[in-house]
Amino acid sequence: MTKLYAIYGASGCGRSLIPVARQQLLRENNNAEIVFIDDALTEITLVNGHRAMNYQQFLSQPAAHKYVQIAIANSAIREKIANKLAQDNVFLWSISADNVIFMDNIDIAEGAALSPFVTVTSNIQIGKCFHANLYSYVEHDCIIGDYVTFAPGVKCNGNIHIEDHAYIGTGAVIKQGTPDKPLVIGKGAVVGMGAVVTKSVPAGVTVVGNPARILEKK
Ligand code: UDP
């Protein structure tokens, strides 16, 4: 049974993650091909040494089993593509860099992308299609929803709950909660780069600064 692996998105995020994808397969002694999927393409071309094609061309490839990492930072697009893949019986593919550190009792759903130098400590639950970019960490007793995105260098301390579709910007620091009262980042909230989050953030808002405050829309 032949297998085909793909990185969906051949822009910045995808081109950063394809080396991680190669590491993933090498660790598994799997010499299957990894291609890019990008819907902006009309014909099959080469991107960074890998065949690149649109989704219809990917579906018509002869492999029996297909696995896709959705390497697009926008979480709404990740969800839309994940639903399309499920309908077409294509599997979500999780990838992690060789130097990612995983400690104890970690449950990560399918489709995750963990970049180099990411650390995930103990007793952690993470939903579908999580992206943790370079040097981010997730400390103990965190619960992270579906389609959550960490830019590089996010410091997510212990007892934090992050709801679906939240986006945490580069270098943000989130204060630890307690087992009785976790710090909650609400659904779809955006934490700006460099923010120092000291208390829970409501769903849908953007917070910036130190201490992080809600950015009012003008
Ligand atoms: N894209 C796609 N199908 C979609 C939405 C996006 O193939 O339904 C591709 C798009 O053509 C682009 C990439 O995904 O090449 C997203 O790139 P962008 O630079 O916007 O984001 P990033 O790579 O930073 O996530």
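It should be noted that the structure appears before, not after, this text.
Residues numbered from 1 in each chain as written. Predicted model: local features only at pLDDT ≥ 70, side-chain atom pairs only at ≥ 80, totals over all residues. Heavy atoms only, no water.

1. Remarks on the packing of aromatic side chains
This is how it is decided: Ring pairs shown here join Phe, Tyr and Trp side chains whose ring centres sit within 6.5 Å, with only the six-membered ring taken for Trp; geometry is labelled stacked below 30 degrees between planes, edge-to-face above 60, and tilted in between. Numbering of helices and strands runs from the N terminus; a helix is a DSSP stretch of H or I covering at least four residues, while a strand is a stretch of E covering at least two. Summary of the burial criterion: residues with accessible area below 20% of their type's maximum are buried, those above 50% are exposed, and those between are partly exposed, where the area comes from a 1.4 Å probe applied to protein chains only.
Evaluation of the coordinates by the stated rule reveals seven aromatic pairs. Ring geometry for Tyr5 and Trp93: centres 4.7 Å apart, planes at 55 degrees, overall tilted. Taken as a pair, Tyr5 in strand S1 (residues 3–8) and Trp93 in the loop between strand S6 (91–92) and strand S7 (95–96) lie far apart in primary sequence, 88 residues in all. Comparing Tyr5 with Trp93 shows no difference in burial state: the two are buried. Aromatic side chains Phe117 and Tyr135 sit 4.5 Å apart centroid to centroid with 0 degrees between the ring planes, which places their arrangement in the stacked category. Here Phe117, found in the loop between strand S10 (113–114) and strand S11 (119–120), pairs with Tyr135, found in the loop between strand S13 (131–132) and strand S14 (137–138); they are 18 residues apart in sequence, far enough to count as distant. Overall, Phe117 belongs to the partly exposed group, its relative accessible area being 42%. Here Tyr135 falls in the exposed class, since its relative accessible area comes to 51%. Among the aromatic residues, those joined into a cluster by ring pairs are Tyr5, Tyr67, Phe91 and Trp93.

2. Let's talk about the site of the ligand
Defined as follows: In these notes, residues near a molecule or strand are those with any non-hydrogen atom within 4 Å of it. The definition of a polar contact used here is a pair of N or O atoms within 3.5 Å, where within protein one atom must be able to donate a hydrogen and the other to accept one, and adjacent residues in sequence count solely through side-chain atom pairs. Methods summary: accessible areas were calculated by the Shrake-Rupley approach with a probe of 1.4 Å, and residue burial reflects only the protein chains presented. Under the scheme applied here, ten amino acids are nonpolar (Ala, Val, Leu, Ile, Met, Phe, Trp, Tyr, Cys and Pro), four are charged (Asp, Glu, Lys and Arg), and all others, including Gly, are polar.
Contacts to the ligand come from 13 residues, most closely from Ser11, Cys13, Asp38, Asp39 and Ala73. Ser11 is positioned such that a nitrogen or oxygen atom in its side chain is 2.6 Å from an oxygen atom of the ligand. Contacts to the ligand include Gly12, whose backbone N or O atom sits 3.3 Å from an oxygen atom. In isolation the ligand offers 550 Å² of accessible surface; the protein chains occlude 65% of this area. Going through the elements one at a time, helix H1 (12–27) and helix H3 (75–87) are the ones with two or more residues in the shell around the ligand. The element that contributes the greatest number of residues to the shell around the ligand is H3, accounting for three residues. Residue composition of the shell around the ligand, grouped by class: seven nonpolar, three polar and three charged.

3. So, the sheet that holds S6
Consider a sheet: its strands pair through backbone hydrogen bonds, and that pairing is either parallel or antiparallel. Convention followed: Strand pairing is assigned whenever DSSP detects at least two bridges linking the two strands. By the convention used here, residues are in contact when the closest approach between their heavy atoms is within 4.5 Å. Axes here mean lines fitted to C-alpha atoms, for a helix over just the part in contact, with angles spanning 0 to 180 degrees between N-to-C directions.
The strand order across the open sheet built from six strands is S3-S4-S2-S1-S5-S6, with neighbouring strands paired in mixed fashion. Each edge of the open sheet carries a strand with a single partner, namely strand S3 (45–47) and S6. Two elements, strand S5 (residues 65–70) and S6, share two bridges in a ladder whose sense is parallel. Following the sheet pairing, Val68 is matched in S6 by Leu92. On top of the sheet, H3 reaches S1, S5 and S6; it is set at about 175 degrees to S5, its chief contact.

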